[in-house]
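So the chains spell out like this:
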Amino acid sequence: MNQHFAVFGMPISHSLSPRIHAAFGRQTGIALDYVAIEAGPADFATKLQAFADAGGVGANITQPLKGLAAELATTLSERAQRVGAVNTLVRSEDNRWHADNTDGTGLIRDLAMRHGLDLRERRTLIVGAGGGARGIAPALLDAGIGELFIVNRTPERADALADMLGRPGHVHARYLGDVAVLGEFDLVINATSANRGGTLAPLPRSLVGRRTAAVDLSYGEAAIPFMAWARATGCYAAIDGLGMLVEQAAESFKLWHGVRPDTNPIFTELSSHSAGLVTAD
Ligand code: ATR
């Protein structure tokens, strides 16, 4: 019998996750179905309960629900607890949700293994301090990056994330408007949701040095402006979030099924025609 999985978020209709997990299921011979369920903060708890009642055993969580999912879960992994953001739920035998976050591991695997980036001592800027930023920041620190600056439109959220990470002197929060005085970075990561319903003001060229890699956590259409900025400013690499999406999916798959699928076939298939796709996860 098929096991039931879903991804929850809003918007969700263009999500690639059902396609990715179906491909993983075929590759590993595991019978599953995986659907996209649209839910916002107001109805997520109800829809998650209905999903569980109908036999759902695992879920991915995307924006804007990553923080709320952390509150709804009964138990959290250390990495999810550290930042209060969740992208994976696993239902336990006693019908409770255990929460984890595979975004950070997914990003590191994509950058280090697929793109061959050595992250150690890389001076890093994260633009944004929402659920996406919180999911990746601890993994970047664990991967040995150099100084980390977090800039956000709402400065209090950058402060809160820096406090959560707990590495004073190594992690700094700044206001987005002051980004021009921060110097050059080896890694510039767009973790805002700006292009999914707004516009991120162009970042200054002064951030870019000889070996700057620019990374967008979004992919497809949502990543186009930031990827264009990266190319126009001469970044050494411009990497969108498709690889991270596939890698975090594989990590979630492993949590649910105990086996990590090969991500290369589906990454190749999706990257050949991803430019018209719009949502993350
Ligand atoms: P996600 O889970 O995708 O991170 P989120 O938790 O809603 O979604 O966070 C969205 C992030 O994008 C926040 O850092 C947000 O900035 P604020 O904290 O100031 O709201 C940022 N963001 C969204 N639209 C933006 C815009 N037009 N310019 C700059 N930052 C923006």
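Residues numbered from 1 in each chain as written. Predicted model: local features only at pLDDT ≥ 70, side-chain atom pairs only at ≥ 80, totals over all residues. Heavy atoms only, no water.

Visitor: In this structure, what is going on with the side chain of Asn 152? I would like to understand it.
Guide: Relative to the helices and strands, Asn 152 is located in strand 8 (residues 148–152). Classification of Asn 152 by relative accessible area gives buried; the value is 10%. The residues contacting Asn 152, other than those within four sequence positions of it, are Gly 128, Ala 129, Arg 157, Ala 158, Arg 174, Tyr 175 and Leu 176. (Helix = DSSP H or I, 4+ residues; strand = E, 2+ residues; numbered from the N terminus. Buried < 20%, exposed > 50% of the residue type's maximum accessible area, 1.4 Å probe, protein only. Contact = heavy atoms within 4.5 Å.)

Visitor: Could you clarify how one ought to interpret the packing of aromatic side chains in this entry?
Guide: What characterises a pair of aromatic rings is the spacing of the ring centres plus the angle enclosed by the ring planes. For the coordinates displayed, the defined rule picks out 8 aromatic pairs. An angle of 35 degrees between the planes, with centres 4.7 Å apart, marks the rings of Phe 5 and Trp 256 as tilted. On the criterion of sequence distance, the pair formed by Phe 5 in strand 1 (residues 3–9) and Trp 256 in helix 9 (residues 242–257) is long-range, its members being 251 residues apart. Across this residue pair, the class does not change: Phe 5 and Trp 256 are buried. Of the aromatic side chains, those joined through ring pairs into one cluster are Phe 8, Phe 44, Phe 51 and Trp 97. Directly above the aromatic system of Phe 267 lies the positively charged group of Arg 114, at a separation of 4.0 Å from the ring centroid. Note that Arg 123 overlies the ring of Phe 185, its terminal NZ or CZ placed 4.4 Å from the centroid. (Phe/Tyr/Trp six-rings, centres within 6.5 Å; stacked < 30°, edge-to-face > 60°. Lys NZ or Arg CZ within 6 Å of the ring centre and 35° of its normal.)

Visitor: What is the right way to read the packing of helix 9 against helix 10 (residues 264–271) from this model?
Guide: Helix packing geometry: the angle between the two helix axes and the distance between the axes. In contact at an axis separation of 10 Å, helix 9 and helix 10 are set at 145 degrees when each is read in the N-to-C sense. Judged by the twist between their axes, the crossing of helix 9 over helix 10 is right-handed. Of the residues in helix 10, those touching helix 9 at Leu 242, Gly 243 and Val 246 are Ile 266, Phe 267, Leu 270 and Ser 271. Along the lines of polarity and charge, the residues of the contact of helix 9 with helix 10 split into 5 nonpolar, 2 polar and no charged. (Axes fitted to C-alpha atoms, helices over the stretch in contact; angles between N-to-C directions. Left-handed = near helix turned anticlockwise from the far one by under 90°. Nonpolar A, V, L, I, M, F, W, Y, C, P; charged D, E, K, R; others polar.)

Visitor: Sorry, what's going on with the pairing of strand 11 (residues 208–216) here?
Guide: Judged by how many residues are buried, strand 11 sits mostly within the fold: 7 of 9 residues are covered. Where strand 10 (residues 185–190) lies against strand 11, 5 bridges are found, and the strand directions are parallel. Bridge pairing in strand 11 links Leu 187 to Ala 213. The pairing of strand 11 with strand 12 (residues 237–239) spans 3 bridges and is classified as parallel. Bridged to Ala 214 within strand 12 is Ala 238. The parallel pair strand 11 and strand 12, bridged by helix 8 (residues 224–232), forms a crossover whose chirality is right-handed. (Pairing = 2+ DSSP bridges. Right-handed = clockwise from strand over helix to strand, strands pointing away.)

Visitor: I would appreciate a short explanation of the nonpolar core in the present structure.
Guide: One recurring pattern in soluble globular proteins is that nonpolar side chains are buried together. Of all hydrophobic cores here, the largest spans 33 residues; its most connected members are Leu 107, Leu 140, Ile 150 and Leu 165. Residues within four places of Ile 150 in sequence aside, it is in contact with Ile 126, Gly 128, Ala 129, Ala 158, Leu 161, Ala 162, Leu 165, Val 171, His 172, Ala 173 and Arg 174. (Core = buried A, V, L, I, M, F, W, Y, C linked by side-chain atoms within 4.5 Å.)

Visitor: What is the right way to look at helix 7 (residues 155–165) in this model?
Guide: What sets the pattern is the α-helix's 3.6 residues per turn: residues three or four places apart point alike. What helix 7 keeps buried is the set Ala 158, Leu 161, Ala 162 and Leu 165. Looking straight down helix 7, one finds that the buried residues subtend no more than 100 degrees of arc, so they occupy a single side. Of the residues in helix 7, the exposed ones pointing more than 90 degrees away from the buried face are Glu 156 and Asp 163. Against helix 4 (78–83), helix 6 (131–142), strand 8 and strand 9 (171–175) lie the buried residues of helix 7. (Arc of directions from axis to C-beta.)

Visitor: Even after reading the chapter, I still don't get the sheet that holds strand 12, so can you show me in this structure?
Guide: Spatially, 9-8-7-10-11-12 is the arrangement adopted by the 6 strands of the open sheet, whose pairing is parallel. Each edge of the sheet is formed by a strand with only one pairing partner; in this case those strands are strand 9 and strand 12. On average, each strand axis in the sheet is tilted by 20 degrees relative to the strand beside it, whichever way the strands run. Here strand 7 (residues 124–127) pairs with strand 8 via 4 bridges, running parallel. What sits directly across from Leu 125, in strand 8, is Phe 149. On top of the sheet, helix 7 reaches strand 8 and strand 9; it is set at about 150 degrees to strand 8, its chief contact.

Visitor: Is there a simple way to explain the pattern of salt bridges in this structure?
Guide: Once their charged atoms are close, side chains differing in charge can pair, the charge on each being opposite to the other. The full count for this structure, using the stated rule, is 15 salt bridges. The partner of Lys 66 in a salt bridge is Asp 103, with the nearest N and O atoms 2.9 Å apart. On the criterion of sequence distance, the pair formed by Lys 66 in helix 3 (residues 66–72) and Asp 103 in helix 5 (residues 103–114) is long-range, its members being 37 residues apart. Comparing Lys 66 with Asp 103 shows no difference in burial state: the two are buried. Among the ionic pairs, Arg 109 bridges to Glu 247, the shortest N-O distance being 3.6 Å. On the criterion of sequence distance, the pair formed by Arg 109 in helix 5 and Glu 247 in helix 9 is long-range, its members being 138 residues apart. Under the relative-accessibility criterion, Arg 109 is labelled partly exposed at 26%. Where salt bridges share partners, they join Arg 109, Asp 110, Arg 114, Glu 247, Glu 251 and Arg 260 into one cluster. (Salt bridge = Lys/Arg side-chain N within 4 Å of Asp/Glu carboxyl O.)

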